[in-house]
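Take a look at the letters that make up each chain.
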Amino acid sequence: MIVVASTNGIVGIDAAMRVLKAGGTAVDAVETGIRLVEANGDDHSVGYGGYPNLLGDVELDASIMDGATLAAGAVGALRNCVYAISVARKVMERLPHVFLVGEGAARFAREMGFDRVDLLTEEPQSVWENRLRRDLPAHVFEHLNQQPDLWRWVDVATDPEKAWGTVNFLAQDAEGQICAGASTSGWAWKYPGRLGDSPVIGAGVYADDRFGAAACTGTGEMAIRACTAHSIVFYLKMGIPLQDAGERAMRDLNDLGGAYLSDMNFIAIDRDGRHAGFMSGEVGAYLFMAEEMSAPEEAPRTRVELNKRWANRVQVQDAT
Ligand code: ASP
């Protein structure tokens, strides 16, 4: 049995392992671990206390995939509900669908008995206000919601080098079943309704008991375009060892052209419970906890450098 998580999963990884030790499934463990991060108001990249979108509304993305059945559930742009991962699990278990977004996702959350909670807390609200006051003309900021061309301002306001984050959890239970999950408030100051990779099965998460599982953080647009989580598991399926599979999936991102490229990170496990972490940036670690360990440990991520960075976007735009 093993649980692997991004470092902000520190508030939930012990509890996730306890679930496995008590005979719970990998899906139970992933949900338990992620819920504790979603409830952590000090983490401004996930759940309650997350950074809002451009208009100041917190919109959550989350997904969960059960590697035993390849069943999956996801929610996107979900408002006023802390436990996006649990709503995603309910989508997987109660509906003939995989993915709900926006008002439909919020309605389903209410029907499933989740409390309506205002997710925007004081600190993220003041960071949002200060950043946007600094980056946008005063007359635009004062009437942001009335802007007929809000799209113009998203480019000025958003910068993935400045505010980012997601929680990833992977678990393998006593039966060998594997689950992957991710939850995020997404790219800070994103255009309303923007979905990242976290709720997109195959982009932000993928799990298949026969081969392994992966989950991503970083610029979601890149993982969506390259189907990154699925790529890692697909390389495992092709018999490529975990370390090589992760490095290849990261290098695949170098094929993405154009603007809007930045950093990518992911964690992965294979069907034998081996784990690894990867990053394109300079410093990074991930957490793991195996059944025989009394506490989680941090391991370094392998760095695979990517060619294109966010800064290139300015040159590309100027040239058009
Ligand atoms: N992957 C997330 C998204 O694109 C954000 C992040 O992990 O930084 O929404």
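Since we're looking at a predicted model, the values are computed, not measured.

Calculation rules
Residues numbered from 1 in each chain as written. Predicted model: local features only at pLDDT ≥ 70, side-chain atom pairs only at ≥ 80, totals over all residues. Heavy atoms only, no water. Phe/Tyr/Trp six-rings, centres within 6.5 Å; stacked < 30°, edge-to-face > 60°. Helix = DSSP H or I, 4+ residues; strand = E, 2+ residues; numbered from the N terminus. Buried < 20%, exposed > 50% of the residue type's maximum accessible area, 1.4 Å probe, protein only. Lys NZ or Arg CZ within 6 Å of the ring centre and 35° of its normal. Pairing = 2+ DSSP bridges. Axes fitted to C-alpha atoms, helices over the stretch in contact; angles between N-to-C directions. Contact = heavy atoms within 4.5 Å. Near = heavy atom within 4 Å. Polar contact = N/O pair within 3.5 Å; in protein donor to acceptor, adjacent residues only side chain to side chain. Areas by Shrake-Rupley, 256 points an atom, 1.4 Å probe, with all protein chains shown as cover. Nonpolar A, V, L, I, M, F, W, Y, C, P; charged D, E, K, R; others polar. Core = buried A, V, L, I, M, F, W, Y, C linked by side-chain atoms within 4.5 Å. Salt bridge = Lys/Arg side-chain N within 4 Å of Asp/Glu carboxyl O.

**Q** Can you lay out the packing of aromatic side chains for me, pointing to particular residues and giving the numbers?
**A** One pass over the structure, following the stated rule, counts four aromatic pairs. Pairing Phe266 with Phe278 gives two aromatic rings, centres 5.4 Å apart and planes at 40 degrees, and the pair type is tilted. With Phe266 in strand β9 (residues 264-270) and Phe278 in strand β10 (residues 275-279), this pair connects stretches of sequence that are 12 residues apart. Take Phe266 and Phe278: they sit in the same class, and that class is buried. A cation over a ring is seen here: Arg35 above Tyr83, with NZ or CZ 3.8 Å from the ring centre. One residue, Arg248, lies across the ring of Tyr235, its end atom 5.8 Å from the ring centre.

**Q** Any chance you could break down the sheet that holds strand β5 (residues 167-172) for me, citing the residues and the numbers?
**A** Spatial ordering of the open sheet is given by β4-β3-β2-β6-β5-β1-β11-β12, a layout of eight strands whose pairing is mixed. At either end of the open sheet lies a strand with only one pairing partner, and these are β4 (99-101) and β12 (297-300). Going from strand to strand, the sheet's axes swing by 15 degrees on average, the running direction of each strand aside. By the bridge criterion, six bridges tie β5 to strand β6 (residues 178-184) in an arrangement that is antiparallel. When the sheet's bridge partners are listed, Leu170 is paired in β6 with Ala180. In the packing of helix α2 (residues 26-38) onto the sheet, the strands contacted are β2 (60-66), β5 and β6, and the crossing angle to β5 comes to about 155 degrees. On the sheet, helix α3 (residues 84-94) packs against β2, β3 (71-78), β4 and β6 and is oriented at approximately 135 degrees with respect to β3.

**Q** Describe helix α1 (residues 13-21), listing the residues and the values that go with them.
**A** It helps to recall that an α-helix has 3.6 residues per turn; residues three or four apart then point in one direction. Where α1 is concerned, the buried positions are Ile13, Ala15, Ala16, Met17 and Leu20. Contacts made by the buried residues of α1 are with β1 (2-6), α2, β5 and β11 (285-290). Count one or two residues on from α1 and you reach Gly23, which has phi positive near 95 degrees.

**Q** Give a detailed account of the site of the ligand, specifying residues and quantitative values.
**A** The local shell around the ligand consists of Trp164, Gly165, Thr166, Gly186, Trp187, Arg194, Gly196, Asp197, Thr217, Gly218 and Gly220. Interatomic distance of 2.7 Å between a side-chain N/O atom of Arg194 and an oxygen atom of the ligand. Contact distances for the ligand include 2.6 Å between a nitrogen atom and a backbone N or O atom of Gly218. Within the complex, 99% of the 270 Å² of free accessible area of the ligand lies under protein. Within the shell around the ligand, the residues separate by chemical class into two nonpolar, seven polar and two charged.

**Q** Would you mind going over the sheet that holds strand β13 (residues 302-303) in detail, with residue names and values included?
**A** Taken in spatial order, the five strands line up as β7-β8-β9-β10-β13 in an open sheet, and their pairing is mixed. Either end of the sheet is taken by a strand with one partner, and the two such strands are β7 (205-208) and β13. Across seven bridges, strand β8 (residues 212-218) lies against β9 in antiparallel orientation. Looking across to β9, one finds that Ala215 is bridged to Ile267.

**Q** So what's going on with the nonpolar core? Which residues, and what values?
**A** Ranked by internal contacts, the top residues of the largest apolar core, which has 86 residues, are Val75, Leu78, Phe169 and Met264. Not counting residues within four places of it along the chain, the set of residues in contact with Met264 comprises Cys216, Thr217, Gly218, Thr219, Met222, Ala223, Met250, Leu253, Phe278, Met279, Ser280 and Leu306. Ranked by size, the runner-up nonpolar core spans 14 residues in total, among them Leu150, Trp153, Ala188 and Trp189.

**Q** Account for the pattern of salt bridges, with residues named and values stated.
**A** All chains considered together, the criterion is met by 15 salt bridges. One salt bridge connects Glu221 with Arg194, and the closest N-O pair in it is separated by 2.7 Å. Here Glu221, found in helix α8 (residues 220-226), pairs with Arg194, found in the loop between β6 and β7; they are 27 residues apart in sequence, far enough to count as distant. Among the residues examined, Arg194 registers a relative accessible area of 13% and is labelled buried. For Asp272, the salt bridge goes to Arg274, with nearest N and O atoms at 3.1 Å. Classification of Asp272 as exposed rests on a relative accessible area of 54%. Ionic contacts of the salt-bridge type, sharing partners, join the residues Asp28, Glu31, Arg89 and Glu93 into one network.

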